[in-house]
Amino acid sequence: MRATSLILTLVLGLASAPLSYAADRPARPAAAPADEPGRGDQASPQTSERGEKARENKLGDSDVATAPIQEVQKVTHHVATVNGRAIPYSAIAGTVTIRDDDGKPTASMFYVAYVADHGPGESHRPLTFFYNGGPGSSSMWLHMGSFAPLRVHTDSPQATHPAPYTLAPNNESLLDKTDMVYMDAIGTGFSRPLGDSKGKDFWGVDQDVAAYTKAIVRFLTLHNRWNSPKFLFGESYGTPRSAALSYALAQSNVQLNGVVLLSSILNFNRRAPGMDRGFVDYIPSYAATAWYHNKLANKPADLPAFLAEVRAWASGPYSAALEKGDTIAPAEEDAVARQMSAYTGLSVKYIEEANLRVDLGRFRKELLRDEHRTTGRYDSRFEGIDADSAGESASFDPSDAGIDGVFAGMFHDYLINDLDYRTQLEYRPTYYAIGREWDFKHKAPGSNFPMPNADTALDLAAAMRENPHLKVLSLNGWYDMATPFFGTEYDISHMDLDPAVRGNVSFRYYPSGHMVYLNPEALKTMKADVAAFFDSATAQ
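Attention in this report is confined to the structure presented alongside it. Because the structure is predicted, anything quoted here is derived from the model rather than measured.

### Some points on the overall build of the chain
- Check the secondary structure of the chain and you find 17 helices and 14 strands.
- The 540 residues of the chain split such that 54% are buried.
- As displayed, the chain offers around 23200 Å² of accessible surface, 50% of which is attributable to carbon and sulfur atoms.

Structural data, given as structure tokens:
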């Protein structure tokens with residue numbers, strides 16, 4: 001989720017709990033007095049010699065878990081079966097070391113790569129780099145849920161049951177089309193700063209892109225993959241990362257074949273407080289959610305056709321009404337509220353009391369209020385139960401809480417039992433301190449000064465102009481309310497692309513949420529779409 005992160009926690013509203021760096025743990029406190037409340041009634045009559053030594057000794061460097069400076073590769077061998085075809089492959093769990101211009105190591109980035117054994121004529125298989133977003137999310141979600149040789153089973157759109165969980169062969173794996181590398185951003189997973197570097201050195205739009213650029217370049221060199229067709233696959237905040245990376249990598253002489261954007265937000269400027277565009281973007285997603293939960297008076301049979309109608313109304317009469325602000329006539333306001341009610345399932349009275357501007361938190365609470373339920377944010381098919389049914393907004397995201405346990409539990413099990421990867425570091429599925437510290441400023445191509453909120457669609461557009469062969473595939477869930485598909489369409493349609501390259505962009509839509517792969521049937525269709533995209537982008 002994560003996409004699927006903390007901008008998408010702070011800016012898009014995600015939520016979770018922080019973990020702490022092993023290297024930043026505070027010193028152990030001195031022993032508490034024996035009569036301190038809750039610590040026992042009597043003091044130990046005597047401390048052993050061993051205990052005295054332990055109390056006197058201080059922690060040394062060897063006691064602190066740190067990432068390796070020397071690059072690690074733990075290789076295991078497996079066989080995947082995809083569409084009836086057996087594919088022997090190597091799984092490489094390892095690290096690449098990022099260095100500054102003077103050669104000093106600044107960070108260690110953890111990855112897991114899946115490399116198929118090469119047969120005749122397969123010496124230049126495509127290579128795809130995967131990552132989630134946040135900011136502050138590891139690649140665990142894409143890794144365990146989408147196209148790797150194995151994937152977790154969930155009970156989505158219901159909350160998944162407790163352990164034991166199931167990790168099973170993935171017939172929708174992309175291993176038949178590409179080798180894959182799942183990379184964790186600095187501060188997440190096992191990726192950490194090295195030496196004098198601090199996490200904040202990497203926690204920003206441009207800082208993050210610079211780190212990924214160096215890590216990818218290093219990986220290509222380390223594994224001799226410079227002549228492979230190359231792709232990026234980002235989810236959630238991973239999509240603005242991919243957009244900026246497409247240009248940054250080109251400046252490092254890495255020419256991409258394609259970029260896959262799953263559940264996108266590319267332009268953060270349009271989400272600034274006081275801007276109405278965000279309300280427009282959400283109307284089709286509200287309509288899709290109301291359709292799914294049977295809250296429409298006359299439910300259309302054809303969802304895509306219905307949403308095409310809603311898009312036209314949202315960008316037409318609704319947008320025009322919001323533009324008028326306080327000057328809108330009562331008759332027009334009432335007419336817009338009635339049509340919005342018909343599309344979203346909310347009452348006319350509620351919409352008018354919100355001045356036609358129903359934010360996401362309110363919608364998630366209001367749509368199913370009469371059933372004492374809320375809808376999910378990442379995936380609005382999910383339903384949650386709040387302690388207070390009369391509240392203003394949902395108290396948690398059931399589509400987040402419903403899958404966290406199975407993804408984290410199975411990934412930790414997989415690291416040890418399948419990849420045989422062991423370290424004293426704590427694996428951070430998500431590290432939300434990153435989002436709180438994230439620097440959203442971005443210096444776009446050709447600009448003299450950084451913009452305060454990134455619009456990396458500008459970078460992707462520049463990359464496509466300079467590399468007219470670069471193709472882009474946008475993947476979207478109808479029920480994704482973290483990054484609504486209408487907002488993605490807006491961002492990409494405002495890239496000022498020449499008609500000669502505009503045709504390089506394509507869109508696909510699925511009956512699922514932010515993490516499209518939580519719906520197994522949607523994953524099957526998405527696999528076919530991505531496979532066809534790879535074929536198109538690698539055709540000579």
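Additional details are given in the paragraphs that follow.
### Thoughts on the nonpolar core
- Core analysis: the biggest nonpolar cluster contains 58 residues, and Phe129 and Met183 have the highest contact counts within it.
- Residues Phe382, Ile403, Leu425 and Leu473 belong to the second largest nonpolar core, which totals 57 residues.

### Topic: the packing of aromatic side chains
- Tallied over the entire structure, the rule returns 32 aromatic pairs.
- Plain terms: the ring middles of tyrosine 237 and phenylalanine 268 are 6.3 Å apart, the flat faces sit at 35° to each other, and that makes the pair tilted. Of the two residues, tyrosine 237 is situated in the loop between β9 (230-235) and α5 (238-251) and phenylalanine 268 in the loop between β10 (258-262) and α6 (277-292); the sequence distance between them amounts to 31 residues.
- Measuring from centroid to centroid gives 5.3 Å for tryptophan 313 and tyrosine 318, while their planes differ by 25°, and the two rings are stacked. Just as tryptophan 313 is buried, tyrosine 318 falls in that class too.
- Ring-pair connections join several aromatic residues into one group, and the members of that group are Tyr89, Tyr114, Phe130, Phe147, Tyr182 and Phe233.
- One Lys or Arg, lysine 299, reaches over the ring of tryptophan 291 and ends 4.3 Å from the middle of that ring.
- Residue placement shows arginine 428 over the ring face of tyrosine 431; its charged tip is 4.1 Å from the ring centre.

### Things to note about helix α7 (residues 303-323)
- With 21 residues, α7 should cover 30 Å at 1.5 Å per step; its first-to-last C-alpha distance of 28 Å lies within 8% of that length.
- Of all the bends in α7, the greatest reaches close to 35° and is centred on alanine 314; the proline proline 317 follows between one and four positions later.
- For α7, every residue scored as buried is listed here: Leu303, Phe306, Leu307, Val310, Arg311, Trp313, Ala314, Tyr318, Ser319, Ala321 and Leu322.
- Downstream of α7 by a residue or two, glycine 325 has a phi angle that is positive, lying close to 55°.

Criteria and thresholds
Residues numbered from 1 in each chain as written. Predicted model: local features only at pLDDT ≥ 70, side-chain atom pairs only at ≥ 80, totals over all residues. Heavy atoms only, no water. Helix = DSSP H or I, 4+ residues; strand = E, 2+ residues; numbered from the N terminus. Buried < 20%, exposed > 50% of the residue type's maximum accessible area, 1.4 Å probe, protein only. Areas by Shrake-Rupley, 256 points an atom, 1.4 Å probe, with all protein chains shown as cover. Core = buried A, V, L, I, M, F, W, Y, C linked by side-chain atoms within 4.5 Å. Phe/Tyr/Trp six-rings, centres within 6.5 Å; stacked < 30°, edge-to-face > 60°. Lys NZ or Arg CZ within 6 Å of the ring centre and 35° of its normal. Expected span 1.5 Å × (residues − 1). Bend = angle between axes of the 7 residues up to and from the residue.

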